[in-house]
Amino acid sequence: MKVGVVTFPGSLDDVDARRAVTIGGNEAVALWHGDDDLKGVDAVVLPGGFSYGDYLRCGAISRFAPVMTSVVEAAGKGLPVLGICNGFQILCESHLLPGALIRNDHRKFVCRDQRLRIERVDTPWTSAYAEGAEVTIVLKNGEGGFVADEATLDMLEGEGRVVARYLGDNPNGSLRDIAGISNERGNVVGLMPHPEHAVEDLTGPGTDGLGFFTSLAEKAFA
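Residues numbered from 1 in each chain as written. Predicted model: local features only at pLDDT ≥ 70, side-chain atom pairs only at ≥ 80, totals over all residues. Heavy atoms only, no water.

Our next topic: the UniProt feature "active site" (unreviewed entry) in the protein. UniProt's entry tags C85, H194 and E196 with the feature "active site" (unreviewed entry), counted in the numbering of this structure. For the annotated residues, spread through 112 residues, the largest C-alpha to C-alpha distance comes to 11.0 Å, consistent with a single compact locus. Here C85 shows up in the loop between β4 (81–84) and α3 (86–93). Ignoring sequence-local partners within four residues, the contact set of C85 consists of G48, K140, N141, L191, M192 and H194. Structurally, H194 is set in the loop between β11 (188–191) and α5 (211–220). Those residues within four positions of H194 in sequence are excluded, and the remaining contacts are D13, G48, I84, C85, I137, V138 and K140. At 2.7 Å, the side chain of H194 and the side chain of E196 are in polar contact. (UniProt positions renumbered as here; feature names shortened; annotations may be inferred. Helix = DSSP H or I, 4+ residues; strand = E, 2+ residues; numbered from the N terminus. Contact = heavy atoms within 4.5 Å. Polar contact = N/O pair within 3.5 Å; in protein donor to acceptor, adjacent residues only side chain to side chain.)

Here's what the structure looks like:
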């Protein structure tokens, strides 16, 4: 499958995401924030980083980038979209996902290997995992605390839209230990940890993040 990875001004992990896409058995396609052409891709990744310097709010300016007009429209038609860290923030700012990401409750940047439990496995991004799988993936953020009102949190829980949950000590104050969520359809997923940094044994904590990228290939050839 052709997977587009968007580069915004200030993107940090776009190259890493493209490499993870390739290792996962897909073709990586570079997309530019200022171009609304998605180049016929089958899925899109919004990578981590500090798009537009995180001015106003993280992801607030990126939401208005020309490429996002096309991403929002295509997501509404079922295009798989994965937002990682800053990409998750952009998805929330774009109203493709509910809630918001705010400054970590301890007011410090966190960078560590983080244990997670994968809870939704019927998305295009998580089908390679078994439900309840416990994985270790890199986490690095300063504004990673997921918040929403109680009604929204209950909706996400009740509809099975919590994709991943933190295990052990909560690293950033995310309500109900939520590390990632999906839209109702399941094609749009936001994840605060960085699976692209856990795809090779040589670097990072191992290969537990690879399933986010192999899931697409498995779906294509199922």
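Our next topic: the nonpolar core. Core analysis: the biggest nonpolar cluster contains 60 residues, and V44, L46, V81 and F146 have the highest contact counts within it. Looking at this core element by element, the count peaks at 5 residues for helix α2 (residues 66–76). Apart from residues no more than four positions distant in its own chain, L46 is found in contact with V6, F8, M68, V81, L82, G83, I84, G87, I90 and L91. (Core = buried A, V, L, I, M, F, W, Y, C linked by side-chain atoms within 4.5 Å. Buried < 20%, exposed > 50% of the residue type's maximum accessible area, 1.4 Å probe, protein only.)

The next point concerns the packing of aromatic side chains. Counted by the stated rule, this structure contains 2 aromatic pairs. Taking 6.0 Å as the distance between ring centres and 15° as the angle between the ring planes, the aromatic pair formed by F88 and F146 counts as stacked. Note that F88 is positioned in helix α3 and F146 in strand β8 (residues 145–147), a separation of 58 residues in sequence. Given the relative accessible area of 0%, F88 is considered buried. Owing to a relative accessible area of 0%, F146 belongs among the buried residues under this scheme. Directly above the aromatic system of F64 lies the positively charged group of R63, at a separation of 5.0 Å from the ring centroid. (Phe/Tyr/Trp six-rings, centres within 6.5 Å; stacked < 30°, edge-to-face > 60°. Lys NZ or Arg CZ within 6 Å of the ring centre and 35° of its normal.)

Looking at the element boundaries, N183 is found in the loop between β10 (178–182) and β11. Polar contacts involving the side chain of N183 include one to the main-chain amide nitrogen of G186, which spans 2.8 Å. Contacts of N183, omitting those with residues within four sequence positions, involve L96, L97, R120, R161 and V188.

In the case of a regular strand, side chains alternate between the two sheet surfaces. In terms of burial, strand β1 (residues 2–7) is largely enclosed, as 5 of its 6 residues are buried. Two elements, β1 and strand β2 (residues 27–32), share 6 bridges in a ladder whose sense is parallel. Paired with V5 across the bridge in β2 is A30. With 3 bridges joining them, β1 and strand β3 (residues 43–46) adopt parallel strand pairing. Among the inter-strand pairings, V5 is bridged to a residue of β3, identified as V45. (Pairing = 2+ DSSP bridges.)

The subject of this paragraph is the sheet that holds β2. Read from one edge to the other, the open sheet built from 9 strands follows the order β2-β1-β3-β4-β11-β10-β9-β6-β7, with strand pairing classed as mixed. Each end of this open sheet is capped by a strand with a single partner; those strands are β2 and β7 (134–141). Looking at each pair of strands side by side, their axes are set apart by 25° on average, direction ignored. Relative to β11, β4 runs parallel, the two being bridged by 4 bridges. Bridge pairing in β11 links L82 to V189. Together, β1, β2 and β3 form the strand contacts of helix α1 (residues 14–23), whose direction differs from that of β1 by roughly 175°. Set on the sheet, α3 makes contact with β3, β4, β10 and β11; between it and β4 the angle comes to about 120°. (Axes fitted to C-alpha atoms, helices over the stretch in contact; angles between N-to-C directions.)

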